[in-house]
Amino acid sequence: MTDADEAFFQVDLESSSESPCSPRPPGPSWRGVLIRAPSRAPFGKGVPPGGHGAFATIPICGYSLVEAGGEPGQGIVLTAVNRATGKRYAAPLVTPEEGTVAPEPIHAPVPSSRLEGLSSGGFFNTNLLWTLDLPRAPAVYEIQAQLKGYTSNTVTVELYDASPDR
């Protein structure tokens with residue numbers, strides 16, 4: 001694992017604060033969602049579990065900025081595709097402390113005329129394994145996030161067995 005990868009494992013994954021691993025916001029007129037992740041993530045004997053029942057940690061640090069208002073959606077959806085098999089996993093981002101889907105940035109119904117031209121968003125940090133039930137096996141995943149019709153960049157993460165007998 002590289003030093004850059006190690007930094008992801010120091011991020012508070014239960015916070016919505018900016019971290020050194022967060023994507024840099026492109027600017028006030030940009031709209032969409034961006035993610036960053038380590039290139040490799042270990043699991044196995046001797047590797048601490050990922051908390052909240054996860055067998056490991058695959059840190060995902062993100063940033064979103066989308067138009068406020070519109071039809072309520074399901075919030076941020078994370079997807080991972082196993083590069084070797086093509087199997088796709090997808091689910092709405094959950095907050096581990098509540099075990100519920102993370103809400104969209106604006107919760108209260110507001111007349112759409114008052115929201116025209118406004119945007120909402122911010123940073124998010126999570127363990128991919130809190131949201132997706134990936135198999136406990138080595139694999140390479142192509143990961144994206146979707147929100148309100150926007151699809152993020154793709155990050156590639158190798159989940160590898162770091163057990164000492166390997």
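This is a predicted model, so every value here is computed, not measured. Along each chain, residue indices are assigned from 1 in the same order as the chain's sequence is written. Whole-chain, interface and lining totals are the exception, using all residues; otherwise, since this is a predicted model, local features are given only for residues with pLDDT of at least 70 and side-chain atom pairs are given and counted only at 80 or more. Where side-chain values are given, they derive from all heavy atoms of the structure, hydrogens and water being excluded.

**Notes on the overall build of the protein chain**
Secondary structure elements are defined from DSSP: runs of H or I of at least 4 residues count as helices, runs of E of at least 2 residues count as strands, and each element is numbered from the N terminus. Along the backbone of the protein chain there are three helices and 11 strands. It only takes one pair of heavy atoms within 4.5 Å for two residues to be counted as in contact. A fraction of 74% describes how many contacts in the protein chain between residues 6 or more apart in sequence connect residues 24 or more apart.

**With respect to the pairing of strand 3 (residues 59-67)**
Any residue under 20% of the maximum accessible area for its type is buried, any over 50% is exposed, and the rest in between are partly exposed; the area is computed with a 1.4 Å probe on protein chains only. For strand 3, a buried count of eight out of nine residues is recorded, marking the element as mostly surrounded by other parts of the structure. Pairing between strand 1 (residues 32-36) and strand 3: five bridges, direction antiparallel. What sits directly across from Arg 36, in strand 3, is Cys 61. Of the pairings in the sheet, the one linking strand 3 to strand 8 (residues 119-127) comprises nine bridges and is antiparallel in character. Bridge pairing in strand 8 places Ser 64 opposite Gly 122. Here a strand pair is declared whenever DSSP counts at least two bridges between the two strands.

**A closer look at the sheet that holds strand 1**
Pairing is antiparallel across the open sheet formed by three strands, whose spatial order is 1-3-8. Only two strands of the sheet have a single partner each, and these edge strands are strand 1 and strand 8. Geometrically, the sheet is characterised by an average inter-axis angle of 10° between neighbouring strands, direction not taken into account. Here the axes come from fitting lines to C-alpha atoms, over the contacting stretch only for helices, and the angles between their N-to-C directions go from 0 to 180 degrees.

**So, the environment of Ser 19**
Looking at where Ser 19 falls in the secondary structure, it is placed in the loop between helix 1 (3-8) and strand 1. On the accessibility criterion, Ser 19 (10% relative accessible area) is buried. Apart from the residues lying within four places of it in its own chain, the contact partners of Ser 19 are Val 11, Arg 24, Cys 61 and Asn 125.

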